[in-house]
Amino acid sequence: MNIILLGPPGAGKGTQAHHLVATRDMIQLSTGDMLREAKESGTEMGKRVADVMARGELVTDEIVIGLIREKLEGGKGGGFIFDGFPRTLPQADALGQLLSECGETLDAVIEMQVDDEALVDRITARSTCSNCGEVYNDNTKPIPADGVCTKCGEAHEFIRRADDNEEALRNRLMEYYKKTSPLIGYYYAKDMLSSINGLGPVDDVQRSIAAILQG
Ligand code: AP5
């Protein structure tokens, strides 16, 4: 089963994708994570995208479609979770094309709805384990007092993302409403869209997603 988690920055796409990977053997394809890896490893492409990402703007379609193409050629497991991709109409068209070239289909698009005020609260309180990527939140899932990550069991640094500040977040939201939200209509017209309330506790959101995947 191949699905898209669609939603604004901080909607909880990464949090829910990690759960689906752990419980359903699915493969998370997060273009944000792939771009951050390229940045960390100092590749030419990573250097080119670093400033764009820090400002909260979108990286070119050509780069992210290339990243996804490479990953689709790899293993499949219980299916792909597209997290943060597609983000524009050309990316959505490209995904349809790439999946059909691999003999795959897109089975569900889950829109996670969260209001802007909650997004700001979530993003400015987020930190991530630098070892395994587990996501924490100062308010709802604080870093353990002993500094040991609950997922990997290691005591590494917990990092705040360079684009998790109010100014970059304003740009990220603007980009979402201008370029990504048209995908809601795009997938609705294809009869693939399910919208859920992403505001409740993480477990409730998990249950809403499970109901869609089982239905
Ligand atoms: P990306 O990494 O994809 O960031 P994003 O879309 O802005 O999403 P986030 O990772 O910030 O949020 P999330 O929805 O995963 O929320 P999370 O689960 O962490 O992209 C970064 C940048 O890369 C872009 O700005 C762009 O420059 C570039 N890029 C990436 N893809 C691209 C593409 N396709 N095209 C062009 N450019 C691209 O949760 C957030 C916080 O809330 C956490 O602290 C978490 O613990 C907490 N939380 C989660 N769920 C709940 C809940 N239910 N209740 C309370 N708290 C919760």
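Scroll up for the structure.
Definitions and cut-offs
Residues numbered from 1 in each chain as written. Predicted model: local features only at pLDDT ≥ 70, side-chain atom pairs only at ≥ 80, totals over all residues. Heavy atoms only, no water. Helix = DSSP H or I, 4+ residues; strand = E, 2+ residues; numbered from the N terminus. Buried < 20%, exposed > 50% of the residue type's maximum accessible area, 1.4 Å probe, protein only. Pairing = 2+ DSSP bridges. Near = heavy atom within 4 Å. Polar contact = N/O pair within 3.5 Å; in protein donor to acceptor, adjacent residues only side chain to side chain. Areas by Shrake-Rupley, 256 points an atom, 1.4 Å probe, with all protein chains shown as cover. Nonpolar A, V, L, I, M, F, W, Y, C, P; charged D, E, K, R; others polar. Axes fitted to C-alpha atoms, helices over the stretch in contact; angles between N-to-C directions. Contact = heavy atoms within 4.5 Å.

## Quick notes on the side chain of Glu 175
Here is step 1: Relative to the helices and strands, Glu 175 resides in helix H7 (residues 166–180).
Here is step 2: Residue Glu 175 is classed as buried on the basis of its relative accessible area, which comes to 7%.

## Focus: the pairing of strand S4 (residues 108–113)
Here is step 1: Of all six residues that make up S4, five are buried, and the element is covered over most of its length.
Here is step 2: Of the pairings in the sheet, the one linking strand S1 (residues 3–6) to S4 comprises four bridges and is parallel in character. Across the sheet, Leu 5 pairs through a bridge with Ile 110, a residue of S4.
Here is step 3: Here S4 runs beside strand S8 (residues 193–197); their pairing, made up of five bridges, is parallel. Bridge assignment links Val 109 to a residue of S8, and that residue is Leu 193.

## What to know about the site of the ligand
Here is step 1: The local shell around the ligand holds 36 residues, among which Thr 15, Glu 57, Arg 87, Arg 126 and Arg 172 are the closest.
Here is step 2: Here an oxygen atom of the ligand sits 3.0 Å away from a polar atom, N or O, in the main chain of Gly 12.
Here is step 3: In isolation the ligand has 1100 Å² of accessible area, and contact with the protein removes 96% of it.
Here is step 4: Sorting the residues of the shell around the ligand by element identifies helix H1 (13–24), helix H2 (31–40), helix H6 (116–124), strand S6 (135–137) and helix H9 (202–214) as the ones contributing at least two each.
Here is step 5: Sorting elements by how many residues they give to the shell around the ligand places H2 first, with four residues.
Here is step 6: Of the residues belonging to the shell around the ligand, the class tally is 15 nonpolar, twelve polar and nine charged.

## With respect to the sheet that holds S4
Here is step 1: Reading across the sheet, the five strands line up as S2-S3-S1-S4-S8 and stay open at both edges, with parallel pairing between neighbours. Bordering the open sheet on either side are strand S2 (27–30) and S8, each of which pairs with just one other strand. Averaged over neighbouring strand pairs, the angle between their axes works out to 25° when direction is ignored.
Here is step 2: Together, S2 and strand S3 (80–83) form the strand contacts of H2, whose direction differs from that of S2 by roughly 65°.
Here is step 3: Together, S2 and S3 form the strand contacts of helix H4 (residues 61–72), whose direction differs from that of S3 by roughly 165°.

## Examining the sheet that holds strand S7 (residues 158–159)
Here is step 1: The antiparallel open sheet is built from three strands, whose spatial order is S6-S5-S7. Lying at the two open borders of the sheet, with one neighbouring strand each, are S6 and S7.
Here is step 2: In the sheet, strand S5 (residues 126–129) pairs with S6 via three bridges, with the strands oriented antiparallel. Looking at S6, one finds that Arg 126 is bridged to Asn 137.

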